[in-house]
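Below, each chain spelled out in residue letters.
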Amino acid sequence: MSSVLADLCRYPIVQAPMAGGASGPQLAAAVSEAGGLGFLAAGYKTADGMYEEIKQLRGLTSLPFGVNLFMPQSDNADPAAVELYGQQLAGESTWYETPLGDVHGSSDDGYEAKLAVLLDDPVPVVSFTFGCPSRDVLDAFDRVDTFTIVTVTTAEEAQTAQWCGADAVCVQGIEAGGHQGTHRDDPQNDGTGIGVLSLITQVRETVQLPVIAAGGLMRGAQIAAVLAAGAEAAQLGSAFLVCPESGANRLHKQALTNPLFVRTDLTRAFSGRPARGLVNRFMREHGPYAPAAYPQVHHLTAGLRKAAAGVGDAQGMALWAGQGHRLARELPAGQLIEVLVAELDAARTALADGGPS
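These figures come from a predicted structure and were not determined experimentally.

What follows concerns the overall build of the protein chain. When its secondary structure is counted, the protein chain shows 15 helices and eleven strands. Taken against the 2.2 N^0.38 rule, which gives 21 Å for 357 residues, the C-alpha radius of gyration of the protein chain at 19 Å falls within 12% of a compact globule. Taken over the C-alpha atoms alone, the protein chain extends approximately 60 × 50 × 40 Å along its principal axes. In the protein chain, which comprises 357 residues, the proportion classed as buried is 56%. The contacts of the protein chain with a sequence gap of at least 6 include a subset with a gap of at least 24, amounting to 68%. For the protein chain, the centre of its 23 positive side-chain charges and the centre of its 38 negative side-chain charges are spaced 6 Å apart.

And the structure:
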């Protein structure tokens, strides 16, 4: 790892910031205490809510951790398309006996207020998803000694991050679970993302920033592969989703290894932005018709998703998962780190010896 990353964590393992409740203080603390880099997900939280979780995390560990922010989104959704999608969801509203959400909710996720908190009371690492902050913002974090990471899905986005002054990029392959962190949401590009190994090489040949690799990684041998490809660390999400410290819904955790859910796909059905999840009834029925409208669709379906979870119906929930979800292991986060490190060491030894016999 680069000297800065090595100062942040003992092992080249980063716990992905999974918004929606999974990545809370307990999980982040357990990962950091075990030698990885734990992350809080500030997405969908208020600035006050984020600050309360930071205080909780600081009470659980004195080791470095990160906080992830969503970048504000441009309000260019087609109101007619959103209204039409709402009409299509009327049956879901009736079935779950809950109204559709207000599509006019916040589109900036409290970004400025969160920046103010994090600059006033700095944390070791801040990462950004759905875009790249301005140079002024990244320079402000540099002045308070906060390490900054920008999520990228193309070499061009990595170039923007370097121009703006980011300290590192998180290179997200199309295999990754949850939302694709594209800087510009263009429906013409749906399903055209690049696999993580190819993307690492493209980014490494374009920018000089340290690379953290993300995308379907579940085993130590896969971590070894992305490190060999040029990454300095690996970011894992679905691997930590089933840990007891994860705040993910019980049904979501069970679904990851349930043979009923045989594959993942990218969909706009739940949020209006491409996101990878387990294919279920809601995704099959509504995904083909969901408009490119984030966060309007997210607000529209929020109550439905909550109601589905409340009645134990995984077929109506957003079951975010990477392509490697069936490899999930229900271990405490600290123990999972130990297993991953042992697998990584074994893979490196095998490579040094010329590969498996």
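In total, this model carries zero disulfides according to the counting rule given. The thiol sulfur of Cys-9 is not disulfide-bonded, and the nearest other cysteine sulfur, from Cys-170, lies at 13 Å. Given the relative accessible area of 5%, Cys-9 is considered buried. Summary of cysteine pairing: Cys-164 is not part of a disulfide, and the nearest cysteine sulfur, belonging to Cys-132, is at 4.0 Å. For Cys-164, a relative accessible area of 17% translates into the label buried.

Moving on: the side chain of Ser-32. Position of Ser-32 relative to the elements: it lies in helix H2 (residues 25-33). With relative accessibility at 3%, the residue Ser-32 sits in the buried group. Among the polar contacts listed, one links the side chain of Ser-32 to the backbone oxygen of Pro-64, at a separation of 2.9 Å. The residues touching Ser-32, leaving out its near neighbours within four places in the chain, are Leu-37, Gly-38, Thr-61, Leu-63, Pro-64 and Phe-65.

What follows is about the sheet that holds strand E7 (residues 178-179). A sheet is described by the order of its strands in space; here three strands give the open sequence E7-E11-E10, paired in antiparallel fashion. Both edges of this open sheet fall to E7 and strand E10 (264-267), since each of them pairs with a single strand only.

Our next topic: the nonpolar core. Counting 101 residues, the largest nonpolar core has Val-67, Leu-69, Leu-118, Phe-128, Val-169, Leu-236 and Phe-240 as its most contacted members. For this core, the element with the highest residue contribution is helix H15 (residues 333-352), accounting for seven residues. Sequence-distant contacts of Phe-240, defined by excluding residues within four places in its chain, comprise Ile-13, Val-14, Gln-15, Met-18, Leu-27, Val-31, Ser-246, Ala-333, Leu-336 and Ile-337. With 14 residues, the next largest nonpolar core counts Leu-8, Cys-9, Phe-39 and Phe-147 among its residues.

Following Tyr-294, the chain continues to Pro-295 via a peptide bond in cis, the omega torsion being 10°. Within the secondary structure, Pro-295 sits in the loop between helix H13 (281-286) and helix H14 (296-310). In this model, Asp-109 sits at a positive phi of 55°, which is unusual for a non-glycine residue. Tracing the chain through its elements places Asp-109 in the loop between helix H5 (90-96) and helix H6 (111-120).

Turning our eyes to something else, we now look at the packing of helix H10 (residues 220-228) against H15. Their axes nearest at 7 Å, the elements H10 and H15 cross at an angle of 55°. If you check the angle between H10 and H15, you find them oblique. Like other packed secondary-structure pairs, H10 and H15 cross with a definite hand, here right-handed. In this structure, H10 uses Gly-220, Ala-221, Ile-223, Ala-224 and Leu-227 to contact H15, whose residues at the interface are Leu-340, Glu-343, Leu-344, Ala-347 and Arg-348. Of the residues belonging to the contact of H10 with H15, the class tally is seven nonpolar, one polar and two charged.

Residues of helix H9 (residues 196-204) that are buried: Val-196, Leu-199, Ile-200 and Val-203. The arc enclosing the buried residues of H9, seen along the axis, measures out at 105°, which places them on a common side. If you follow the buried residues of H9, they end up packed against strand E5 (147-152), helix H8 (155-164), strand E6 (168-172), strand E8 (211-214) and H10.

How each quantity is defined
Residues numbered from 1 in each chain as written. Predicted model: local features only at pLDDT ≥ 70, side-chain atom pairs only at ≥ 80, totals over all residues. Heavy atoms only, no water. Helix = DSSP H or I, 4+ residues; strand = E, 2+ residues; numbered from the N terminus. Rg over C-alpha atoms; globule rule 2.2 N^0.38 Å. Buried < 20%, exposed > 50% of the residue type's maximum accessible area, 1.4 Å probe, protein only. Contact = heavy atoms within 4.5 Å. Lys, Arg positive; Asp, Glu negative; His and termini not counted. Charge placed at Lys NZ, Arg CZ, Asp CG, Glu CD. Disulfide = S-S within 2.5 Å. Polar contact = N/O pair within 3.5 Å; in protein donor to acceptor, adjacent residues only side chain to side chain. Pairing = 2+ DSSP bridges. Core = buried A, V, L, I, M, F, W, Y, C linked by side-chain atoms within 4.5 Å. Axes fitted to C-alpha atoms, helices over the stretch in contact; angles between N-to-C directions. Parallel < 35°, antiparallel > 145°, perpendicular 65-115°, else oblique. Left-handed = near helix turned anticlockwise from the far one by under 90°. Nonpolar A, V, L, I, M, F, W, Y, C, P; charged D, E, K, R; others polar. Arc of directions from axis to C-beta.

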